[in-house]
Amino acid sequence: MKKNIYQKIWEAHLVCEPEGEDAILYIDRHYIHEVTSPQAFEGLRLSDRKVRRPDLTYATMDHNIPTTDRSLPIADILSRAQVETLKKNCAQFNIECFDMFDPRNGIVHVVGPELGLTQPGMTIVCGDSHTSTHGAFGALAHGIGTSEVEHVLATQTLRQKASKTMEVRINGTLPPGITSKDIVLAIIGKIGTSGGTGYVIEYTGEAIRNLSMEARMTICNMSIEAGARAGLISPDDTTIAFLKGRAMLPKDRSFEALAEEWKQWASDPGCSYDTLVELNAEDIEPQVSWGTSPEMVGGISGTTPVLADVADVNKRHAYGKALEYMGLEEGMPLQSIAIDTVFIGSCTNGRIEDLREAAKVLRGYKKADSVQRALIVPGSQAVKRQAEEEGLDRVFRDAGFEWRESGCSMCLAMNDDKLAPGERCASTSNRNFEGRQGKGGRTHLVSPAMAAAAAVKGVFTDIRNWKYQD
Amino acid sequence: MNPFTIHKGLVAPLDAMHVDTDQIIPKQFLKRIERTGYEDVLFFDWRYLDDGKTPNPEFEMNAPRYQGASILLARDNFGCGSSREHAPWALFDYGIRSIIAPSFADIFFNNCFNNGMLPIRLSADLVEELFQQTRAAEGYSLEINLPGQKIIRPDGSAISFEITPFLKQRLLNGWDQIGLTLRYEDAITAYEEKRAAARNA
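So, here is what we can say about the structure in this document. Everything quoted here is computed from the prediction, not taken from an experiment. (Residues numbered from 1 in each chain as written. Chains lettered and ligands numbered in written order. Predicted model: local features only at pLDDT ≥ 70, side-chain atom pairs only at ≥ 80, totals over all residues. Heavy atoms only, no water.)

Focus: the interface of chain B and chain A
Where interface size is given, it is often the accessible area lost as the parts come together that is meant. Opposite the 55 residues of chain B that make contact, chain A presents 67 residues. Carbon and sulfur atoms supply 53% of the area that chain B and chain A bury against each other, a total of about 5,000 Å² over both sides. Here Arg195 of chain B and Asp28 of chain A are joined by a salt bridge, their closest N and O atoms 2.8 Å apart. The tally of links between chain B and chain A comes to 35 residue pairs in polar contact (both at pLDDT 80 or more). At 8 residues, the largest contribution of residues to the side of chain B that touches chain A is made by helix H8 (residues 185-200) of chain B. Looking at side-chain class alone, the side of chain B that touches chain A contains 19 nonpolar, 16 polar and 20 charged residues. (Contact = heavy atoms within 4.5 Å. Buried area = accessible area lost by both parts, 1.4 Å probe. Salt bridge = Lys/Arg side-chain N within 4 Å of Asp/Glu carboxyl O. Polar contact = N/O pair within 3.5 Å; in protein donor to acceptor, adjacent residues only side chain to side chain. Helix = DSSP H or I, 4+ residues; strand = E, 2+ residues; numbered from the N terminus. Nonpolar A, V, L, I, M, F, W, Y, C, P; charged D, E, K, R; others polar.)

Regarding the environment of Phe98 of chain A
All names here are of chain A. Structurally, Phe98 can be placed in strand E5 (residues 96-98). For the pair Phe98 and Leu323, spaced 225 residues apart in the sequence, the C-alpha separation amounts to 41 Å. For Phe98, the residues in contact, after removing those within four places along its chain, are Tyr58, Ala59, Thr60, Met61, Arg104, Asn105, Val111, Leu115, Leu117 and Met248.

Quick notes on the pattern of salt bridges
The full count for this structure, using the stated rule, is 46 salt bridges over all chains. Here Asp176 of chain B makes a salt bridge to Arg49 of chain A, at a shortest N to O gap of 3.0 Å. In this pair, Asp176 of chain B sits in the loop between helix H6 (165-173) and helix H7 (177-182) while Arg49 of chain A sits in the loop between helix H2 (38-46) and strand E4 (57-60), so the two residues belong to two different chains. In this structure, the salt-bridge partner of Arg104 of chain A is Glu96 of chain A, at a minimum N-O distance of 3.0 Å. On the basis of relative accessibility, which here comes to 27%, the residue Arg104 of chain A falls in the partly exposed class. Through salt bridges with shared partners, one network takes in Arg52, Arg53 and Asp55 of chain A together with Glu185 and Glu192 of chain B. (Buried < 20%, exposed > 50% of the residue type's maximum accessible area, 1.4 Å probe, protein only.)

Right under this line is the structure:
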């Protein structure tokens with residue numbers, strides 16, 4: 001029988017299916033961070049349980065840590081306590097931890113792939129919904145709650161029911177200026193934030209095959225914003241080329257042998273899925289979200305909605321509330337929206353390719369005076385070093401951007417990087433929820449290139465018309 | 001975990017689609033390392049005025065008639081976004097034991113069962129009907145009967161709901177899922193050995 005990648009990984013990781021219970025699925029890789037793990041470790045201690053496979057578990061600090069000078073202690077007492085708790089827990093249970101001063105530190109979903117810890121065919125979990133990012137490598141990866149973190153620590157397994165599968169096929173070739181962020185926002189705009197609920201998505205099609213690993217990670221990252229816990233892309237030569245030479249690959253086999261194994265996980269040609277969603281790459285415009293849910297999004301040439309045109313009453317109500325929160329009028333051109341702040345970073349768009357794209361746009365320009373702050377927060381220390389080596393930090397600084405240390409930063413604003421009430425931000429992150437970037441803050445989700453262009457113009461602008469300077 | 005069997009309680013409406021876990025509990029309250037004590041920060045940004053203390057009179061759940069509610073009525077895609085289990089912890093600490101909505105986000109749905117809470121999916125039409133009845137009659141309560149998989153309304157009429165046998169058993173018995181899985185520890189060890197052998201072959 002021809003199988004899709006989800007079916008292959010599921011079958012290979014099935015420990016057992018006890019009668020009348022959910023299946024027990026083996027977990028190959030468990031990533032943890034400071035925010036969703038302390039209660040899980042406490043649970044282990046209270047019931048006198050051990051971590052079954054500390055060797056398959058890796059920790060990093062990312063949500064809470066400052067992106068400013070790291071030589072100073074963390075000012076927020078609670079944040080500091082949480083970071084220290086993770087360190088202590090890792091020491092007690094013998095788990096490797098990339099702490100704030102480790103050169104490998106960074107956002108968990110940036111660090112795993114860049115170290116080669118994330119590999120095709122794996123099952124990967126983390127107490128973080130954007131774990132779906134790792135699906136870009138053809139791994140079954142998804143977020144879990146803290147009780148499940150404790151379950152994985154204690155048993156190295158997870159209770160699961162098999163998901164339905166959805167193929168999201170992107171046909172054709174992406175037009176210039178259109179990025180994977182625009183693809184995934186367009187998908188969410190089409191199927192809605194609950195369109196993928198109960199499904200695991202596999203992204204296929206010519207446009208996906210032609211994407212780099214960084215771009216694939218951006219798409220898989222936001223699968224959760226479409227309601228799907230996991231989103232995968234079958235491994236291919238691009239996947240293998242990315243993994244070659246990564247520091248933490250298995251040492252007991254040759255890279256060629258690993259690559260051979262990895263390729264076997266790809267979906268069989270002609271396999272089937274429970275449902276299909278298709279988009280044509282040629283139809284995708286640069287996207288800008290206008291509301292308080294990632295599905296409230298549209299092409300840059302469009303406008304905010306006109307409520308009288310929205311047939312569904314609950315939806316009309318939600319749109320009206322969103323426009324009010326966002327301080328926007330009905331039927332307003334998206335290109336007329338002026339911004340105060342720009343944030344480029346996060347597990348969605350904080351990788352080296354994202355910074356290169358933003359720098360390409362900014363080269364020779366300065367941010368508009370009306371833009372009060374513009375932050376670049378690399379996804380990891382490795383990304384930061386690479387960008388500095390390429391001189392990208394100079395381009396950003398010359399354009400009036402702040403060049404920061406790595407971390408989750410303003411994506412969720414757990415540290416000091418947050419919006420003030422009413423502050424409007426062009427953000428490369430993943431969620432435009434009310435208050436996500438700070439209470440009363442207004443978030444517009446865009447690609448790194450669109451965010452950079454908005455910084456220069458002070459309003460959203462169509463990146464397809466950008467005059468690049470060399 | 002406390003078992004969930006039959007629960008009778010006051011119903012409170014939360015009339016919004018796509019309520020995300022950032023709304024259920026904003027990020028500044030995720031810095032604690034405890035599992036309990038989140039009752040006062042549930043729906044923080046909606047529930048309080050800008051001073052963070054004064055109850056917002058426009059937030060429907062704040063109305064005196066809904067105080068003490070233990071059943072939450074919600075709209076589509078409740079609990080979407082972040083996987084933070086702080087969201088079900090905050091709901092539980094506030095006193096919520098069951099949430100009725102047309103649909104739930106997957107991770108939130110699972111997290112509820114790990115905390116002895118019952119999320120119930122009903123059709124959008126039935127949920128709309130319950131919203132209307134809740135608002136029409138002060139003190140509107142429902143009895144949720146998990147063994148019989150039905151919700152009994154004040155007039156005695158019953159609505160049946162679906163739940164998988166495994167989730168039902170877990171809630172009815174208040175089973176700790178880790179304990180449940182550790183009964184299969186031998187199978188986990190055998191799986192690990194089989195994988196190691198295949199790798200070395």
